[in-house]
Amino acid sequence: MAHDEGDAGIPTPLGDDAARRVAARVAAMDEAAAAARVAELVPELLRHNYLYHVLGTPEIDDRSYDLLYRELELIEERFPSLRRPDSPTRKVGGEPVDFLPPFEHRVPMLSLANAFSADDLRDFEERRDDSGRLRGGIRKLLLDAGAIGEDDVITYVVEPKLDGLAIELVYEHGLFVAAGTRGDGRVGEDVTHTVRTLRNVPPRLFTDAPPPRLTVRGEVLFELEGFLEMNRRREEAGEKPYENPRNTAAGTIRQLDPGPASRRPLLFIAHSAGEGLVLPTHAALLDRLRALGFQTNEYELCAGIEEVIAAIARLGERRHDLPYEIDGAVVKVNDTALQEVLGFVTRSPRWAIAYKYPPDRVSTPLESVVFSVGRTGVVTPVAQLVPVRVGGVTVRNATLHNEHQMSREMRLFPSAQGEPLRGADGEEIKTGLRHGDVVVLQRAGDVIPQILGVLDRPERQGARPWVYPEDCPVCGHRLDREENPKEPEKVTIRCPNRLGCRAQLQASLKHFAGRRAMDIEGLGDKLIAQLVERGLVTRPSDLYHLDVATLAPLERMGEKSAANLVAAIDRSRRRPLERCLFALGIPQVGEATARDLAAAFGSLDAILAADEAALLAVDGIGPDVARRILEFTSDPRNLEEIARLRAAGVVFPDVEKPAQDDAAKVLDGKTFVLTGTLPSMTRDEAAARIVAAGGKVVKSVSRRTDYVVAGDKAGSKLAKAQELGVTILDEDGLLALLQGTRDES
Ligand SMILES: [Zn+2]
């Protein structure tokens, strides 16, 4: 379905007859007719969402769904007062929030005790001493309490254990009103703005008699297929792929901007209720949650712990066929009355336990080791493998991190499933990687698998070890070894040829143009490779001399793309200082350090002039980072490149320091609203500069608003400003105000 492809809820533009008829019908509606139609459309669309996302049994095709959705959207555009709180159009990301307020759980969110083996599970049910007497486990507690008889079998529910972010949703009188993370179990963070956009979080419960307050617990996670697809797109765009679906889901939900959450393939899967829903069994609770509109897990009812163990083994065999990652199984006593008898111990319920699957291990032959040269010249060995599936993904290569790991640190295994071999004193036997080796791979949580070691095979005798080359595999320059006296295993092997080395030049250009650096849209990997191959760009500053005539003839370019790229390059000339610093690619200077440097020194020249003492005085900069910065700023090649960038029009703007005197607070007391996309700064940056100059940034436009700063794709706020006669500025207007050069009327 079109409303299911990453950009959840955003319909494709519909330009044909059916769409025109919908538009005409809406245009002809008066408010009463529109209200009546909304009352039909909202429940209808919510029902189709439920059928599609929760039950997987859609009744209509994408196209029909999109037309209904579009009709609702058009009505809401014409009559904004008809936009209901449960409208599915609200799933499109809204305004960013300023921070994540605390979110209190009225009923604490607990964690579960863990089991790692079948015996742990058996002990959970009952522990007996040598003479067979019952000593512990939940059976003993229930017997002692008189809740079960000697012959009773305890019934359990086994569900997949989801590897996601624990979330609580709050419904008041049937309407979704809030969502919070688990946090410490009592207080988490309010993430209503992002969770609201998830396509399978129902805005309204499917019931005519909702409880006054219902809290539903579950996990937010990525659909694995969508996650891998998102990574493919990121790599194509020259961005770093995400390593791990769980952390990425958590990061997306905890963002201030709901946009990414609304576009990414995130799911909420319900597994329990906090308040407002008590049923005789856990299975009935899951069924009820599903009937109320929530996606729930499949589950299996098991009589006794041996059935549980068998069910967990069956689930384990097909865990990689599930559309999302699971890391185990959750076992719960089904009967709610028995749960109450068992109660809680410290922070965990006694009536549930989480079984964790061991990480997946496989073995596969090593084809070769290639030495890859990174942006800073560090040479890393990468193992090329005969493709193999592990943990649900196909693996073709895996990094070996460094020389030490490759030449000394491989553990020897008797088989892919076994534990490493041990010597007489119990120590693990280690070896270096040799030609013809078969490696043991493990994948646990991360998408990128780890090479644990090699199989102990007789063929290893006399096989050649893999060693680092002496010369750079890309440019042929002699490689440097940097020993670290404190940690001898951390030898860094580096090609010192810098931009003269094509691998480093390409990686540097990619970093320079990256979204968080100079943000040059359209300058992707393939284009960079062409520019470098043809000698058109030999250093980042050369980008600023490219013109349409040079670019247009390149593969997959043409006049229009070339003109767009030249415009994007031009826009990047005015990036804030911290982004320019990050773009320069100073070793060890990431985004956070770049921000600290910019804030502390205020200008590029001050940073270039800073000595060690001045650098160490900056919070967060230690001796190692300071040394790297000084190496960079004392290298004439870097200074020459900075001069070239400046000559090409890159501004490296000074940071406006928070004014100490009133005279500098040019925006004192003025109220601003920001809307749309500004050409050269993000809304956060614009807001920071307004606040630094004494102004205030608020969310909605009113008569008290002094200025609305409108960028590209500004929406209803711009219309409201026009209606109220509020002064509207573009980015240049804002910059002029900040510099005090605009006449304040
Ligand atoms: Zn090189």
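Fair warning: this is a prediction, and the values are worked out from it, not measured in the lab.

Engineer: Which residues make up the coordination of the zinc ion, and what are the values?
Structural biologist: Bound to the zinc ion are the protein donor atoms Cys472 (SG), Cys475 (SG), Cys495 (SG) and Cys501 (SG), situated 2.2 to 2.4 Å from the metal. In this structure, the zinc ion is coordinated by four donor atoms arranged in tetrahedral fashion, with angles at the metal of 99 to 117°. Look at where the donors of the zinc ion fall in the sequence and you get C-x2-C-x19-C-x5-C. Of the two residues, cysteine 475 is situated in the loop between β22 (450-455) and β23 (480-482) and cysteine 495 in the loop between β24 (492-494) and α14 (502-513); the sequence distance between them amounts to 20 residues.

Engineer: Describe the confidence of the model for the chain, naming the residues involved and giving the relevant values.
Structural biologist: A residue-level look at the chain finds 95% of positions with pLDDT of 70 or above and a mean pLDDT of 88. The model gives residues 1-12 a pLDDT under 50, and that stretch makes 32 contacts with residues more than four places away or in other chains.

Engineer: Outline the side chain of glutamate 71, supporting the account with residue identities and numerical values.
Structural biologist: When you line up the elements, glutamate 71 lands in helix α3 (residues 62-78). The residues contacting glutamate 71, other than those within four sequence positions of it, are Val22, Arg25, Val26, Met29, Arg37 and Leu41.

Engineer: Which residues make up the domain arrangement of the chain, and what values do they have?
Structural biologist: Annotation of the chain at the domain level lists domain 1 (2-91), domain 2 (159-356), domain 3 (360-460), domain 4 (499-574), domain 5 (577-647) and domain 6 (662-738). One C-alpha centre belongs to domain 1, the other to domain 5, and the line joining them spans 52 Å.

Engineer: So what about the side chain of lysine 717? Which residues, and what values?
Structural biologist: Mapping lysine 717 onto the fold places it in helix α25 (residues 716-724). According to the relative accessible area criterion, lysine 717 is buried, its value standing at 13%. Those residues in contact with lysine 717 that sit more than four places away from it in its chain are Glu95, Val673, Leu674, Thr675, Lys699 and Val701.

Engineer: I'd like a rundown of the packing of aromatic side chains, residues and numbers included.
Structural biologist: Evaluation of the coordinates by the stated rule reveals eleven aromatic pairs. Feature note: the residues Tyr171, Phe176, Phe268 and Phe294 constitute an aromatic cluster, connected by ring pairs.

Engineer: Give a detailed account of the pairing of strand β16 (residues 360-373), specifying residues and quantitative values.
Structural biologist: Sheet faces and side chains relate simply in a regular strand, where the side chains alternate between the two faces. Bridging between β16 and strand β21 (residues 438-443) involves six bridges; their strand directions are antiparallel. Paired with threonine 364 across the bridge in β21 is valine 439. Across seven bridges, the pairing between β16 and strand β17 (residues 379-390) is antiparallel. Opposite leucine 366, over in β17, you have leucine 385 as the bridge partner.

Engineer: Talk me through the pattern of salt bridges; I want residue IDs and the actual numbers.
Structural biologist: Taken as a whole and assessed by the stated rule, the structure comprises 54 salt bridges. The shortest N-O distance in the salt bridge between glutamate 40 and arginine 37 comes to 2.7 Å. With glutamate 40 and arginine 37 both in helix α2 (residues 31-55), this residue pair falls three residues apart, about one helical turn. Look at glutamate 40 and you get partly exposed, because its relative accessible area is 49%. According to the relative accessible area criterion, arginine 37 is partly exposed, its value standing at 22%. Where glutamate 275 meets arginine 213, a salt bridge forms, and the shortest distance between an N and an O atom there is 3.1 Å. Here arginine 213 lies in strand β9 (residues 213-222) and glutamate 275 lies in the loop between β10 (266-273) and α10 (282-291), a separation of 62 residues in the sequence. Residues glutamate 275 and arginine 213 agree in their burial class; the two are buried. A cluster of three or more residues bridged by salt bridges with shared partners is formed by Glu482, Arg494, Asp624, Arg627, Arg628 and Glu631.

Engineer: So what's going on with the nonpolar core? Which residues, and what values?
Structural biologist: Membership of the largest hydrophobic core comes to 51 residues, with the highest contact counts inside it found for Ile520, Leu523, Leu531, Leu543, Tyr544, Leu581 and Leu597. For this core, the leading source of residues is helix α18 (residues 577-584), giving six residues. Mapped onto the domain boundaries, this core takes at least three residues apiece from domain 4 (499-574) and domain 5 (577-647). With sequence-adjacent residues up to four places away left out, leucine 523 is seen in contact with Ala513, Ile528, Leu531, Leu543 and Leu565. Ranked by size, the runner-up nonpolar core spans 35 residues in total, among them Ala115, Tyr156, Leu267 and Leu315.

Engineer: Any details on the pairing of β22? Residues and values, ideally.
Structural biologist: Burial analysis of β22 places five of its six residues in the buried class, which makes it a mostly covered element. Relative to β22, strand β19 (residues 410-413) runs parallel, the two being bridged by three bridges. In the sheet register, arginine 411 faces β22, and the bridge partner there is glycine 453. In this sheet, β22 lies alongside β21 in antiparallel orientation, the contact comprising four bridges. Directly across from valine 439, in β22, lies its bridge partner valine 454.

Parameters and conventions
Residues numbered from 1 in each chain as written. Predicted model: local features only at pLDDT ≥ 70, side-chain atom pairs only at ≥ 80, totals over all residues. Heavy atoms only, no water. Donors = N, O, S within 2.8 Å, 3.2 Å for Na, K, Ca; no water. Tetrahedral: all angles 85-135°; square planar, octahedral: opposite > 155°, others 65-115°. Helix = DSSP H or I, 4+ residues; strand = E, 2+ residues; numbered from the N terminus. pLDDT = per-residue confidence, 0-100. Contact = heavy atoms within 4.5 Å. Domains from an automatic or database assignment. Buried < 20%, exposed > 50% of the residue type's maximum accessible area, 1.4 Å probe, protein only. Phe/Tyr/Trp six-rings, centres within 6.5 Å; stacked < 30°, edge-to-face > 60°. Pairing = 2+ DSSP bridges. Salt bridge = Lys/Arg side-chain N within 4 Å of Asp/Glu carboxyl O. Core = buried A, V, L, I, M, F, W, Y, C linked by side-chain atoms within 4.5 Å.

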